[in-house]
Amino acid sequence: MNFIKKYQKYFILIILSIIIGLFRWVFLGNEYTLLSKPKIILEAFVDFEQMKGIVEEKLFPIIDARDIESFNEGHIKNAFNIDIDYLYDNDEKLMLNINNIISKYGYLDNKIIIEDDSFYIRDTNNDNQQIVVYCWSPSCDRAEEVISLLLDTSEYFGSFGKYLSKNNFSIYRGGWDEWDSLYLNKN
Amino acid sequence: MQLRHIILKLIIFLSVYYLSLTFVAASLDKIIDPLSFSKLIFNYDITPYWINNLVALILPWLELICGLILFFGIFFNNNTSKNDKNIFFQYEEVANNIIILMLIWFIFILTIATARGLDIDCGCGLSETKTLPIIRLKEDIYLLILSFIIKFRFKIINFFKINTI
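Every chain is numbered independently, its residues counted from 1 as its sequence is written. Each chain gets a letter, beginning with A, and each ligand a number, beginning with 1, in the order they are written. Predicted model: local features are reported for residues with pLDDT of at least 70 only, side-chain atom pairs are reported and counted for 80 or more only, and whole-chain, interface and lining totals are derived from all residues.

Trainee: Just give me the short version of the overall build of chain A, but keep the residues and values in it.
Mentor: Assigned secondary structure in chain A consists of nine helices and seven strands. Any two residues are considered in contact once their C-beta atoms, placed from the backbone, lie within 7 Å. Expressed as a percentage of contacts within chain A between residues at least 6 apart in sequence, the contacts between residues at least 24 apart total 55%. Put simply, DSSP H or I for four residues or longer makes a helix, DSSP E for two residues or longer makes a strand, and each gets a number counted from the N terminus.

Here is the structure:
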């Protein structure tokens, strides 16, 4: 009690701020969630304008599915590289990248639910974000290939399959070619 | 009135004036658009994501309240010494202490951001353009010095053997 009495004025100011802050929250609308990221549903494919927003706002983890040499020459800002050849080799650094995505973006609390011989992933806290994968261009199928390998439940290609399902992925079809010509040339 | 008395009084008044108005002005943008502020906190990559939105809602109001108390406190405060504590002085002291704690926290996260070489908009201060953490770090250190001048003003006065302020 002495502690509360001693710091009474501090508590008053902090509680006042909390009350006014929460009152302000009431007027902010649904996109402002209190204890989780705003839930944004992406379609299976994202276009350039959506991708631009994702990159600038750092909304979702981005995976570059091209080879490592091309990635090192240039890539979309903040993208992680998952080169399929290194994935087959079970490369240590690559596995670290994969585990970083899972832990950093809060997928660890996902649960596998098994019902009637089928299973699905449940996002327990409703806090997961979509993962965006890109390759060179619409004709490049490495993005799809990387997704299917990552979702392999044998966990040979990392533990994505344990926490994520196909619905968690979106593909930026335009890929690096479109990004390089439209975004990088403008900025 | 001695000249050093006037100079000291002026320094303390300007410290209060500058510090409080900086906090009030810096809080307004964040109060209007807490979502952008939350994204800026997220960019620091230092706090768990679930806390960012909550902090973005509450912290600007705390900055505003402390800034206003500090600003008006000096006009309503007729104290002649630290022992003569009225309610304005007590809240002014509390607001200043909270500001010191906030500044220490800002300096801590800006130091980490600078050490990690993060090229992010620090999302603080009055500038409308992108401000790098290293620039803001220097400003926060100056503000911390001002807040310590305000906190220890009576000791400073005694040091210079001036009886009233």
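Trainee: Quick rundown of the overall build of chain B? Include the residues and the values.
Mentor: For chain B, the count of helices and strands is six helices and zero strands. For chain B, the sequential pattern of α-helices and β-strands runs α-α-α-α-α-α. For chain B, with 165 residues in total, the buried portion stands at 31%. By sequence separation, contacts in chain B at least 24 residues apart represent 65% of the contacts at least 6 residues apart. Counting other C-beta atoms within 10 Å of each residue's C-beta, where C-beta atoms are placed from the backbone, gives the exposure class: buried for 20 or more, exposed for 12 or fewer, partly exposed between.

Trainee: Got a sec to walk through the sheet that holds strand E6 (residues 131–134) of chain A? Specific residues and values, please.
Mentor: Residues and elements named next belong to chain A. With respect to topology, five strands assemble into an open sheet ordered E1-E7-E6-E2-E3, the strand pairing being parallel. With partners counted over all chains shown, the strands left at the sheet margins are strand E1 (45–46) and strand E3 (80–81), one partner each. Sheet topology places strand E2 (residues 62–64) next to E6; three bridges connect them, and they run parallel. Bridging across to E6, Asp 64 finds its partner in Tyr 134. Strand pairing follows a simple DSSP-based rule, namely that at least 2 bridges must link the two strands.

Trainee: Account for the packing of helix H2 (residues 8–26) of chain A against helix H4 (residues 87–115) of chain B, naming residues and giving values.
Mentor: An axis is simply a line fitted to the C-alpha atoms; with a helix, the fit covers only the stretch in contact. Between two such axes, the angle follows the N-to-C directions and lies from 0 to 180 degrees. Running from N to C, H2(A) and H4(B) cross one another at 65°; their axes reach a closest spacing of 10 Å. By the angle between their axes, H2(A) is roughly perpendicular relative to H4(B). For the pair H2(A) and H4(B), the sense of crossing is right-handed. Taking contact as the criterion, the partners of Lys9(A), Tyr10(A) and Leu13(A) in H2(A) are, on H4(B), Gln90(B), Tyr91(B), Val94(B), Ala95(B) and Ile98(B). Tallied by class, residues from the contact of H2(A) with H4(B) come to six nonpolar, one polar and one charged. Oblique is the label for any angle not under 35 degrees, not over 145, and not in the 65 to 115 range, which are roughly parallel, roughly antiparallel and roughly perpendicular in turn. Each crossing is labelled by how the near helix is turned from the far one, with a counterclockwise turn of less than a right angle marking it left-handed and a clockwise turn marking it right-handed. Basically, the charged four are Asp, Glu, Lys and Arg, the nonpolar ten are Ala, Val, Leu, Ile, Met, Phe, Trp, Tyr, Cys and Pro, and anything else, Gly included, counts as polar.

Trainee: Residues and numbers for H4(B), please.
Mentor: Residues and elements named next belong to chain B. Expected helix span is computed as 1.5 Å times (number of residues minus one). Here H4 is 29 residues long and its end C-alpha atoms lie 42 Å apart, about the 42 Å a rise of 1.5 Å per residue gives. Along H4, the residues classified as buried are Tyr 91, Glu 92, Val 94, Ala 95, Asn 96, Ile 98, Ile 99, Leu 103, Phe 106, Leu 110 and Ala 113. Just past H4, the residue Gly 117 takes up positive phi, approximately 65°.

Trainee: Can you explain the nonpolar core? Please cite residues and give values.
Mentor: For this entry, the nonpolar core is defined as buried Ala, Val, Leu, Ile, Met, Phe, Trp, Tyr and Cys residues connected by C-beta atoms within 7 Å. Within the largest apolar cluster, 34 residues are counted, with the highest numbers of intra-cluster contacts made by Ile63(A), Ala65(A), Val132(A), Val133(A), Tyr134(A), Ala143(A) and Val146(A). For this core, the elements supplying multiple residues, two or more each, are helix H3 (48–57), E2, helix H6 (92–104), E6, helix H7 (142–150), helix H8 (160–163), strand E7 (169–172) and helix H9 (175–184) of chain A. For Val133(A), the contacting residues outside a window of four places in its chain are Ile63(A), Ala65(A), Ala143(A), Val146(A), Ile147(A), Phe169(A) and Ile171(A). Core analysis: the next-biggest nonpolar cluster, separate from the first, contains 29 residues, Val16(B), Leu19(B), Ile58(B) and Leu64(B) among them.

Trainee: Can you lay out unusual backbone geometry for me, pointing to particular residues and giving the numbers?
Mentor: All names here are of chain A. Look at Asn 78: it is not a glycine, yet its phi comes out positive at around 70°. Topologically, Asn 78 is positioned in the loop between helix H4 (68–73) and E3. Overall, Asn 78 belongs to the exposed group, with 11 C-beta atoms counted inside 10 Å. One non-glycine residue, Asn 90, lies in the positive phi region at around 60°.

Trainee: How would you explain the interface of chain A and chain B if you had to name every residue and give the values?
Mentor: Each partner contributes to the interface: chain A provides 22 residues, whereas chain B provides 21 residues. Top contributing element to the side of chain A that touches chain B by residue count: H2(A), with twelve residues. Looking at the side of chain A that touches chain B, its residues break down into twelve nonpolar, five polar and five charged.

Trainee: Lay out the confidence of the model for chain B with the relevant residues and their values.
Mentor: Looking at chain B, the pLDDT average stands at 81 and 81% of residues meet or exceed 70. Across the assembled chains, the prediction reports ipTM 0.84 with pTM 0.63. A residue's pLDDT is the confidence the predictor assigns to it, expressed on a 0 to 100 scale.

Trainee: How would you explain the packing of helix H1 (residues 3–32) of chain B against helix H5 (residues 133–151) of chain B if you had to name every residue and give the values?
Mentor: When two helices pack together, their arrangement is given by the angle between the helix axes and by the axis-to-axis distance. Residue and element names in this part refer to chain B. As a packed pair, H1 and H5 sit with axes 9 Å apart at the nearest point and diverge in direction by 130°. When the axis of H1 is compared with that of H5, the two are oblique. Between H1 and H5 lies a crossing whose hand is left-handed. Facing H1, whose interface residues are Ile 12, Ser 15, Val 16, Tyr 18, Leu 19 and Thr 22, H5 presents Leu 143, Leu 146, Ser 147, Ile 149 and Ile 150. Among the residues forming the contact of H1 with H5, the class breakdown is eight nonpolar, three polar and no charged.

Trainee: A description of the pairing of E7(A) should follow, citing residues and the corresponding values.
Mentor: Residue and element names in this part refer to chain A. Taking every second residue as pointing to the same face, both faces of E7 are buried, with Phe 169 and Ile 171 on one and Ser 170 and Tyr 172 on the other. Looking at chain direction, E1 and E7 are connected through two bridges and run parallel. From the neighbouring strand, Phe 45 faces E7, where its bridge partner is Ile 171. Pairing between E6 and E7: four bridges, direction parallel. Paired with Val 133 across the bridge in E7 is Ile 171.

Trainee: Can you explain the environment of Asp29(B)? Please cite residues and give values.
Mentor: Residue and element names in this part refer to chain B. By the secondary structure assignment, Asp 29 is in helix H1. The exposure class of Asp 29 is partly exposed, given the 17 C-beta atoms found within 10 Å. In the structure, Asp 29 is positioned 31 residues away from Pro 60 in sequence and 8.6 Å away in space, judged by C-alpha atoms.

Trainee: I'd like a description of the environment of Thr22(B), backed by residues and values.
Mentor: Tracing the sequence through the fold places Thr22(B) in helix H1. Separated by 121 residues in the primary sequence, Thr22(B) and Leu143(B) have C-alpha atoms spaced 9.0 Å apart.

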